[in-house]
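Topology and contacts: notes
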Amino acid sequence: MASFSFSDIEQAQATIAGHVLRTPLVEATALSRLLGTELLLKLESLQPIGAFKLRGAVNAIMQLPADVAGVTCCSTGNHGRAVAHAAKSRGIRAVVCMSTLVPKTKVDGIRALGAEVRIVGISQDDAQEEAARLVAEEGLVDIPPFDHPHVIAGQGTITLEMLEDRPDIETLLIPLSGGGLAAGMALAAKHIKPSIRVVGISMDRGAAMHESIRAGRPVAVTEVASLADSLGGGIGLQNQHSFKLCRDFLDETILVTEDEIYRAMQALFYEERIVAEGACVVGIAAIMAGKLKELEGPVATVITGRNVDMGVFNRIMAGDDIVLGDVTVKGRTYDHG
Ligand SMILES: *Cc1c(COP(=O)(O)O)cnc(C)c1O
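None of these values were measured; they are calculated from a predicted model.

The biggest cluster of nonpolar side chains holds 41 residues, and the ones touching the most others in it are Leu41, Ile261 and Leu268. Secondary structure elements with two or more residues in this core: strand S2 (39-43), strand S8 (197-203), strand S9 (252-256), helix H11 (258-272), helix H12 (282-288), strand S10 (299-303), helix H13 (310-318) and strand S11 (322-324). Formed by 37 residues, the second largest nonpolar core is a distinct cluster that contains Phe6, Phe52, Ala153 and Val302.

Another aspect to go through is the pattern of salt bridges. According to the stated counting rule, one finds 22 salt bridges in the structure shown. Across the pair Arg93 and Glu138 runs a salt bridge, and its minimum N-O distance is 3.1 Å. Taken together, the residues Arg93 in the loop between helix H4 (78-90) and strand S4 (94-98) and Glu138 in helix H6 (residues 124-138) connect sequence positions 45 residues apart. Overall, Arg93 belongs to the partly exposed group, its relative accessible area being 31%. Here Glu138 falls in the partly exposed class, since its relative accessible area comes to 34%. Salt bridges sharing partners connect three or more residues here, namely Arg93, Glu116, Arg118, Glu130, Arg133, Glu137 and Glu138.

So, about the domain arrangement of the protein. When the domains of the protein are assigned, the result is domain 1 (6-51 + 148-329) and domain 2 (54-142). One C-alpha centre belongs to domain 1, the other to domain 2; they are set 22 Å apart. Residue-level contacts link 30 residues of domain 1 with 20 residues of domain 2. Between domain 1 and domain 2, the buried area comes to about 2100 Å², and carbon and sulfur atoms account for 58% of it. Summed over the shared surface of domain 1 and domain 2, the result is two salt bridges. Across the pair Glu44 and Arg55 runs a salt bridge, and its minimum N-O distance is 2.5 Å. Summed over the shared surface of domain 1 and domain 2, the result is nine residue pairs in polar contact (both at pLDDT 80 or more). The dominant element in the side of domain 1 that touches domain 2, judged by the number of residues it contributes, is helix H7 (residues 149-165), at eight residues. Counted by class, the side of domain 1 that touches domain 2 contains 11 nonpolar, 12 polar and seven charged residues.

This part covers the packing of aromatic side chains. Tallying each qualifying case throughout the model produces three aromatic pairs. Plain terms: the ring middles of Phe269 and Phe313 are 5.4 Å apart, the flat faces sit at 90 degrees to each other, and that makes the pair edge-to-face. With Phe269 in helix H11 and Phe313 in helix H13, the pair connects residues that are 44 residues apart, well separated along the chain. Residue Phe269 is classed as partly exposed on the basis of its relative accessible area of 22%. Seen from their ring centres, Tyr270 and Tyr334 are 5.4 Å apart, and the 10 degrees between their planes marks the pair as stacked. You can see Tyr270 sitting in helix H11 and its partner Tyr334 sitting in the segment after strand S12 (327-329), a full 64 residues away along the chain. On the basis of relative accessibility, which here comes to 14%, the residue Tyr334 falls in the buried class. Through a chain of ring-to-ring contacts, three or more aromatic side chains come together here, namely Phe269, Tyr270, Phe313 and Tyr334.

When S4 meets strand S5 (residues 116-119), the two strands line up parallel, connected through four bridges. In the strand pairing of S5, Cys97 is matched with Arg118. Considered for its hand, the β-α-β crossover made up of S4, helix H5 (residues 104-112) and S5 is right-handed.

Conventions and cut-offs
- Residues numbered from 1 in each chain as written.
- Predicted model: local features only at pLDDT ≥ 70, side-chain atom pairs only at ≥ 80, totals over all residues.
- Heavy atoms only, no water.
- Core = buried A, V, L, I, M, F, W, Y, C linked by side-chain atoms within 4.5 Å.
- Buried < 20%, exposed > 50% of the residue type's maximum accessible area, 1.4 Å probe, protein only.
- Helix = DSSP H or I, 4+ residues; strand = E, 2+ residues; numbered from the N terminus.
- Salt bridge = Lys/Arg side-chain N within 4 Å of Asp/Glu carboxyl O.
- Domains from an automatic or database assignment.
- Contact = heavy atoms within 4.5 Å.
- Buried area = accessible area lost by both parts, 1.4 Å probe.
- Polar contact = N/O pair within 3.5 Å; in protein donor to acceptor, adjacent residues only side chain to side chain.
- Nonpolar A, V, L, I, M, F, W, Y, C, P; charged D, E, K, R; others polar.
- Phe/Tyr/Trp six-rings, centres within 6.5 Å; stacked < 30°, edge-to-face > 60°.
- Pairing = 2+ DSSP bridges.
- Right-handed = clockwise from strand over helix to strand, strands pointing away.

Structure follows, in structure tokens:
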């Protein structure tokens with residue numbers, strides 16, 4: 001596919017219909033009151049694999065010929081789950097490659113879906129090398145986690161549903177890592193409603209897309225442990241699609257600290273009773289920290305996934321310290337604002 005346009009996202013919507021849940025967009029009443037702006041949450045955490053990545057994976061895998069040898073991917077977890085699930089439903093082999101940084105709960109989840117798992121190296125890049133080897137030596141088709149037109153188009157369908165349900169959304173806050181989600185969603189949002197403000201949000205350490213947009217080209221970042229583990233990893237120095245789309249369609253990118261993510265996870269759980277990964281709350285964290293200037297509501301964000309390590313989650317809800325490699329996130333009990 002040479003170029004990428006809104007019609008690819010409309011096509012993806014038809015392709016994935018019936019294979020992917022049309023998730024609800026709900027008003028977060030308590031958080032809205034607390035934040036002083038109407039906040040809407042798109043509950044992608046309700047997808048069968050617990051994350052939005054099913055959309056892109058299903059859209060990509062549905063396009064493959066029936067006699068394909070199988071698929072492979074490298075993944076921080078949710079993309080691997082999505083590929084495993086989509087491959088299983090088409091009855092094809094899936095091999096998922098990932099690094100040792102990935103929480104055990106995610107590895108177990110993928111094996112349970114019937115995929116083979118290869119754990120290689122200490123970064124996404126190491127895992128990607130193994131996937132490339134499987135393509136060269138065993139003829140598997142690589143399904144990249146973000147830098148692929150069919151994947152981006154699948155993720156973009158989230159915006160179609162959100163603006164169908166609530167055309168009045170003024171601000172869209174999108175968790176940002178490799179940018180497949182933000183690329184598809186931002187392109188669709190600007191096409192449907194040019195006046196909408198679309199913001200990509202990452203954690204402040206290892207924010208590959210943010211750094212790349214600033215540098216004007218894909219740059220490498222050091223991957224470190226984060227409460228938002230699904231946002232880790234680079235964008236690929238040879239990035240073909242997601243970098244340009246994020247650069248062109250995001251109005252801005254914002255960074256939040258681990259401390260801000262910690263408190264936003266508590267707020268989402270105690271105010272709305274929603275169990276979600278750290279990656280989901282970066283938008284809420286940015287609002288709570290006052291990092292969004294001249295914020296106009298209704299504001300909407302995507303609760304991207306629920307595959308959180310429950311041990312870590314419980315410790316955060318209890319207000320305990322969390323050690324992340326060389327840093328400690330200081331605990332504090334939630335005080336309802
Ligand atoms: C993959 C993922 C993201 C980020 O998506 P990108 O397309 O890589 O930017 C955010 N949240 C969760 C839960 C994810 O699995």
